[in-house]
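A structural walkthrough
One-letter residues, chain by chain:
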Amino acid sequence: MDQKIISLAAEKTPDRLQKFLQTLKEDDLANLLQNQAVRGKAAGALLRAIFKGSPCSEEAGALRRLKIYICCIHLVESGDLQKEVASEIIGLLMLEAHNFPGSFLVKLAKEFVGAIKEGSLTNGKSLELLPIILTALVANKENLDYGKGELSGEECKKQLINTLCSGRWDQQYVVQLTSMFKDVPLTAEEVEFVVEKVLRMFGKLNLQEIPPLVYQLLVLSSKGSRRRALEGIIAFFNELDKRHNEEQSGDELLDLVTVPSGELRHVEGTIILHIVFAIKLDCELGRELLKHLKAGQQGDFSNNICPFSIALLLSVTRIQRFEEQKSLVVKSFKDRQLLQSSKFLQNLVPHRSCVSTMILEVVKNSVHSWDHVTQGLVEFGFILMDSYGPKKTLDGKSIEMSSGLSKIPNQHACKLGANILLETFKIHEMIRQEILEQVLNRVVTRASSPISHFLDLLSSIIMYAPLVLQSCSSKITETFDYFSFLPLQTVQGLLKAVQPLLKISMSVRDSLILVLRKAMFASQLDARKSAVAGFLLLLKNFKVLGSLSSSQCSQSISVSQVHVDVHSRYNSVANETFCLEIIDSLRRCLGQQADVRLMLYEGFYDVLRRNSQLANSIMQTLLSLKQFYEPEPDVLPPLKLEACILTKGDQISLQEPLDHLLCCVQHCLVWSKSRVIPLQQEEEEEEEELYQELEDMLESITSRMIKSELEDFELDKSADFSQSTGVGIKNSICASLVMGICEVLIEYNFSISNFSKNKFEEVLSLFMCYKKLSDILNEKAGKGKTKTANKMESFWSMKFVSDLLTALFRVLLWRYTSIPTSVEDLGKKEKGKSISLLCLEGLQKVLGAVSLFYQPKIQHFLRALDVTDNEGEEAEDSISHRAAFQIRQFQRSLLNLLSSQEEDFNSKEALLLVTVLSNLSKLLEPSSPQFVQMLSWTSKICKENSQEDPSFCKGLMNLLFSLHVLYKSPVTLLRDLSQDIHGHLGDIDEDVEVEKTDHFAMVNLRTAAPTVCLLVLSQAEKVLEEVDWLITKLKGQVSQEIVSEEPSSQAARPHHAIEKAIIMQLGTLLTFFHELVQTALPSGSCVDILLKDLCKMYTILTALVRYYLQVCQSAGGIPKNMEKLVKLSGSHLTPLCYSFISYIQNKKSQSLKCAGEKKGKAAAVATAMARVLRETKPIPNLIFAIEQYEKFLIHLSKKSKVNLMQHMKLSTSRDFKIKGNILDMVLRDEEADEPEEGTASEHEGQNKEPAKKKRKKE
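Below or above, wherever it landed, is the structure these notes cover. (Residues numbered from 1 in each chain as written. Predicted model: local features only at pLDDT ≥ 70, side-chain atom pairs only at ≥ 80, totals over all residues. Heavy atoms only, no water.)

1. Section: the overall build of the protein chain
Counting its secondary structure elements, the protein chain contains 54 helices and four strands. Taken over 1258 residues, the protein chain has a buried fraction of 51%. Carbon and sulfur atoms make up 52% of the accessible area of the protein chain, which amounts to about 60,400 Å² in all. (Helix = DSSP H or I, 4+ residues; strand = E, 2+ residues; numbered from the N terminus. Buried < 20%, exposed > 50% of the residue type's maximum accessible area, 1.4 Å probe, protein only. Areas by Shrake-Rupley, 256 points an atom, 1.4 Å probe, with all protein chains shown as cover.)

2. What about the pairing of strand β3 (residues 645-648)?
Here β3 pairs with strand β4 (residues 651-654) via four bridges, running antiparallel. By the bridge assignment for β4, Ile 645 is matched with Leu 654. Counting the residues between successive antiparallel strands, the hairpin from β3 to β4 contains two residues, one of them, Gly 649, with a positive phi of roughly 65 degrees. (Pairing = 2+ DSSP bridges.)

3. Notes on a negative patch on the surface
Negative charge collects at one region of the surface, where Glu 685, Glu 686, Glu 688 and Glu 689 lie side by side. Its place among the elements puts Glu 688 in helix α34 (residues 685-707). Since its relative accessible area comes to 44%, Glu 688 is described here as partly exposed. (Patch = residues over 30% accessible without salt bridge, like charges linked within 9 Å, V, L, I, M, F, W, Y side chains within 5 Å. Salt bridge = Lys/Arg side-chain N within 4 Å of Asp/Glu carboxyl O. Lys, Arg positive; Asp, Glu negative; His and termini not counted. Charge placed at Lys NZ, Arg CZ, Asp CG, Glu CD.)

4. Details of the pattern of salt bridges
Inspection of every chain in the model, using the stated rule, returns 26 salt bridges. A salt bridge links Arg 227 to Glu 231; the nearest nitrogen and oxygen atoms lie 3.6 Å apart. Here Arg 227 and its partner Glu 231 are both found in helix α13 (residues 226-249), four residues apart, which amounts to about one turn of the helix. Residue classification places Arg 227 among the buried positions, given a relative accessible area of 16%. Ionic pairing is found between Lys 1096 and Glu 1021, a salt bridge with its closest N-O pair at 3.1 Å. Here Glu 1021 lies in helix α45 (residues 1008-1044) and Lys 1096 lies in helix α47 (residues 1085-1115), a separation of 75 residues in the sequence.

5. Observations concerning the nonpolar core
Core analysis: the largest hydrophobic core is formed by 124 residues, its most contacted members being Leu 1066, Phe 1073, Leu 1104 and Phe 1140. Here this core gets 18 residues from one element, more than from any other, and that element is α47. Sequence-distant contacts of Leu 1066, that is, excluding residues within four places in its chain, are made with Leu 1024, Val 1027, Met 1097, Ile 1100, Leu 1101, Leu 1104 and Leu 1125. Listed in part, the 121 residues of the second largest apolar core include Phe 483, Ile 513, Met 520 and Phe 721. (Core = buried A, V, L, I, M, F, W, Y, C linked by side-chain atoms within 4.5 Å. Contact = heavy atoms within 4.5 Å.)

6. Here's the deal with helix α46 (residues 1056-1076)
Given a rise of 1.5 Å per residue, 21 residues ought to cover 30 Å, and the 30 Å separating the end C-alpha atoms of α46 matches this to within 8%. Extensive coverage of α46 is indicated by the burial of 16 of its 21 residues. (Expected span 1.5 Å × (residues − 1).)

7. Overview of the packing of helix α32 (residues 615-622) against α34
It is at 11 Å that the axes of α32 and α34 come closest, and there the two elements cross at 45 degrees. Considering the angle they form, α32 stands oblique to α34. For the pair α32 and α34, the sense of crossing is left-handed. Contacts between α32 and α34 involve Ala 615, Asn 616, Met 619 and Gln 620 from the first element and Glu 686, Glu 687, Leu 690, Tyr 691 and Leu 694 from the second. Residue classes in the contact of α32 with α34 are distributed as five nonpolar, two polar and two charged. (Axes fitted to C-alpha atoms, helices over the stretch in contact; angles between N-to-C directions. Parallel < 35°, antiparallel > 145°, perpendicular 65-115°, else oblique. Left-handed = near helix turned anticlockwise from the far one by under 90°. Nonpolar A, V, L, I, M, F, W, Y, C, P; charged D, E, K, R; others polar.)

8. Details of a nonpolar patch on the surface
A grouping of Met 798, Leu 852, Phe 853 and Tyr 854 is seen on the molecular surface, where their side chains present a nonpolar patch of about 460 Å² in accessible area. As for its placement among the helices and strands, Phe 853 is situated in helix α38 (residues 835-853). When its relative accessible area of 52% is taken as the criterion, Phe 853 is described as exposed.

9. With respect to helix α28 (residues 525-541)
With 17 residues, α28 should reach 24 Å at 1.5 Å per residue; the first-to-last C-alpha distance of 25 Å fits that figure. For α28, the tally of buried residues reaches 15 of 17 residues, placing the bulk of the element in the interior.

10. Things to note about the packing of aromatic side chains
Applying the stated criterion to the full structure yields 14 aromatic pairs. With a centroid separation of 6.2 Å and an interplanar angle of 20 degrees, the aromatic rings of Trp 169 and Phe 181 are classed as stacked. Placement of Trp 169 in the loop between α9 (153-166) and α10 (174-181) and of Phe 181 in helix α10 is noted, with a sequence separation of twelve residues between them. Comparing Trp 169 with Phe 181, the two get one shared label, buried. Judged by centre distance (5.6 Å) and plane angle (70 degrees), the ring pair of Phe 905 and Phe 952 falls under edge-to-face. (Phe/Tyr/Trp six-rings, centres within 6.5 Å; stacked < 30°, edge-to-face > 60°.)

11. Regarding the side chain of Gln 930
If you trace the backbone, Gln 930 turns up in helix α42 (residues 929-944). The class of Gln 930 is buried, set by a relative accessible area of 15%. Polar contacts involving the side chain of Gln 930 include one to the side chain of His 881, which spans 3.3 Å. Look past the residues within four positions of Gln 930 in its chain and what remains in contact with it is Ser 880, His 881, Ala 884 and Leu 924. (Polar contact = N/O pair within 3.5 Å; in protein donor to acceptor, adjacent residues only side chain to side chain.)

Structure below.
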């Protein structure tokens, strides 16, 4: 039968074929086709013949064709056919689909949709036909029966897609279905519908099935909904990461059901690759990704910015620039800083994840073959370090702070860049060489800029894996060749960084020694100094057998590195020979310039402490002191200062830094006597004689320096210290040496004194010698002479200073808190400062230093201060408790001072006490009761005490504000203070007498302006910045909601709490400005800053109005409190602003008139005019800001159907015309009064209204 059908199909006309097919039953025909197809015998030819004999022009033929078509679909889906046969049949069916009438196409499409919804598909092969059928349906121009009505082909397709996406999809066909839609002509709405369906299916698939689905989704998104597709992918993996992290940190049993970490990271890596590839083909997709992440910065941070999205962003850096990532990081740090400094914001905005934590998590995840992310990480790390590293100042020094305490966002960003590079270096072996090379390149090529952050990174890298870096040692040795051209500071940092590598790499050490030996004889001074620095470093770190262990020894090396060390020729015996060779090289420095010798003397003490077996060699070298020592015991002075000065013609310079040499001798001698000699079992006679000789010299120098007068050094009051003469330069150098020697001897005698009275008397005598010379130099400097001696740094070591402070600090604390200044003996005052005041200064400096540089040890410091401390209570007491105990003592002192008579009030002491209290209050936890007590106490002091000293008032008010912002918003405080300022300074309308309020006694006629006025304006500006930040955040969130979904009436006001808080803040600030713009402020900074802050106030009001324009329709209008705020601004602020402008203009004309009447008319007028121009410069900006506000209010009124302009009185300030007659009169006459009065009269009507609202004195 099959042969007959095929032979009839070969005829030219199909008539006989049609007749024959009509004689067959449809089931027989279908069975025949099925048998042929299963056997693989000419199924294609038979199917062509059947289609040829079943024309769609006849109803019977069309029905037969439909029946066979459906039969073929089932046959392909059955899986019984060979692959080639199935492909052939599918190909034929694709070609025949366009021949069907529209009604049959609908039936075929419904057949597919039903099979998909019911899950009756077996292998999904037939799904290739559905796009063809739907495309044919769209091309059909007839109206078709669909359901209960008639629809066009396009509408039928839409209904079918809706039905398909609303139904259930079998898990195994999701990828095929998504792939199928890319071949279907879809409208934007249909694409969005399909994309949403695919995104919903993510959670129902196995992890390994998601990458191919994402690929198909990205291809589909080229038709539209790119942003929604990206949002869905990012949100899904963000949620997956969160769940994974929770399971890992939770119960161990959960590990049985969680997704393995490696598998999840590999899937994420594959998906990132798919997205990057898609962005390369479709740039619009990349732009949508950046828009999405930008919206995340402004709106809800947690939904958009996550480790997965950051990794994705870093991967597309080959295509897009890094600006987005940089701004993301810095904005995150700025937002975090803003939140930390404001309790008001903390209450409104939930805690946000730190972006640096997320980026470092990306680094950790990149170990799972994320090579495409790794390169981006490295580039990003260097960009952060380059962009936000320490900057060079005018004097060439860099602005840097302790890394643990830096709170500036840029410093955090630089630190993050270093952490990214360090962690990437640890994880990825392949990229280590590139990171090291780039760091070294920056160290060498940017020597003139601050590069301490790169040196710190290099040190961390080498510390992590010195053995690994042996393979990159050639890069390090290449850098050594540039030593002669690098600044000394850079060389020292570089040497310190590579120090661990020197211990385990013979080639690196040998290369360094060769470079240093060459540099020792270089023509450049810096090169020779670098050589000394390098040799000293080697001496410190190559320990000789028997040397003492020290906490300051070089960093420890891991077990594997020790193994290398033991089995190489680097051992203690070899080290001794090596070190002695270096000392011999360094002895040659004793014939070089003073700067080189000075470095040597400063370094020997550190070498001795770390390598104590070199003591004898070092002390022998220091015996060069003998050539400057007068051995005769009666000769004064005991040292030959003349020999230390070099004279070459007219040039006089220091040849031997004798003070530094003596300092080195005393440090080495004291340390050796206390540490090295007691541990030596058999002390050599030669060594003992050496130490004794040096001791005798120091003893003799001390006694003879005490006996010496300044005349012995030719440095009495009549001596010349000017820098313009040779004698003056020589005397200045000698004075510097004598003062340095006195300092060195003071420390030496204190160190060996064992608290004996005789030694302390010698110490005091030496200090008197130092002081006499210091006073002479200060006196000469006061007369216009150059001040030289006092510029030098102190020779006192930190140990000596700490020993002194340890002995004196408790005395200082006890003395100040126990003996009031008022009862102290007035005879003990020195230069206007009492001993108590000096004690307080010492306390303040110590507390400041500890707070700034030793914050991690602050608890130990506070514990040490508490003399009544019990061991058992140590663990219980928090920092807040201990700080509060100290605060109470200083509170009592300040209260005593404030309660004293006015003539006994010492403003310097009061200001120091406030500074101490400020330092201590920073240690209190804002949520602790101690903090609340401190705030209420400070507030009470400000309210009840009236002091006219501006500096004390400023310090106390600053303390109040710094505490208040961490407790709640300071807007009510600002309002009260503005009323006080208004009451004391009076009104701009002289006819109005203002009722005086007395909220804060600290505000008085002397302090109200500019002190308190500038402080409150500064705080108001900070509040405005916070409100501006909140409005920007709200706008971002609204934008995200509009993009992601249609606004619903149920969630009309999701941000009600934040909106209410913004309106309340602005309302209270408005009353604050209402008071200040009526205040008769003095000309100058107060007026200038008030105008700028008013401009900012109106700009932020405009931003709020624009926000409501954005949400007005979806939110169902604007809230009532917003209407009240607008009404308040129209009645209480805008008219008064114009009155205030008139007041400023009137003052301007008066000042110009007064200046014109003075002598020296031209100069006085020019000065007055310059001041007036400066003060009136912000006025046009303010008027523009007001008019912008009113412009957008009109738009909002139209949109919200609420008349917001009914309380606004439009200004006439910019409605003007030039009057020719007045202009001629002005040009003829210098009198400018009439135009000024005319300007003021324009606002006369406005001036009347606010006058009614002022508080009158009853």
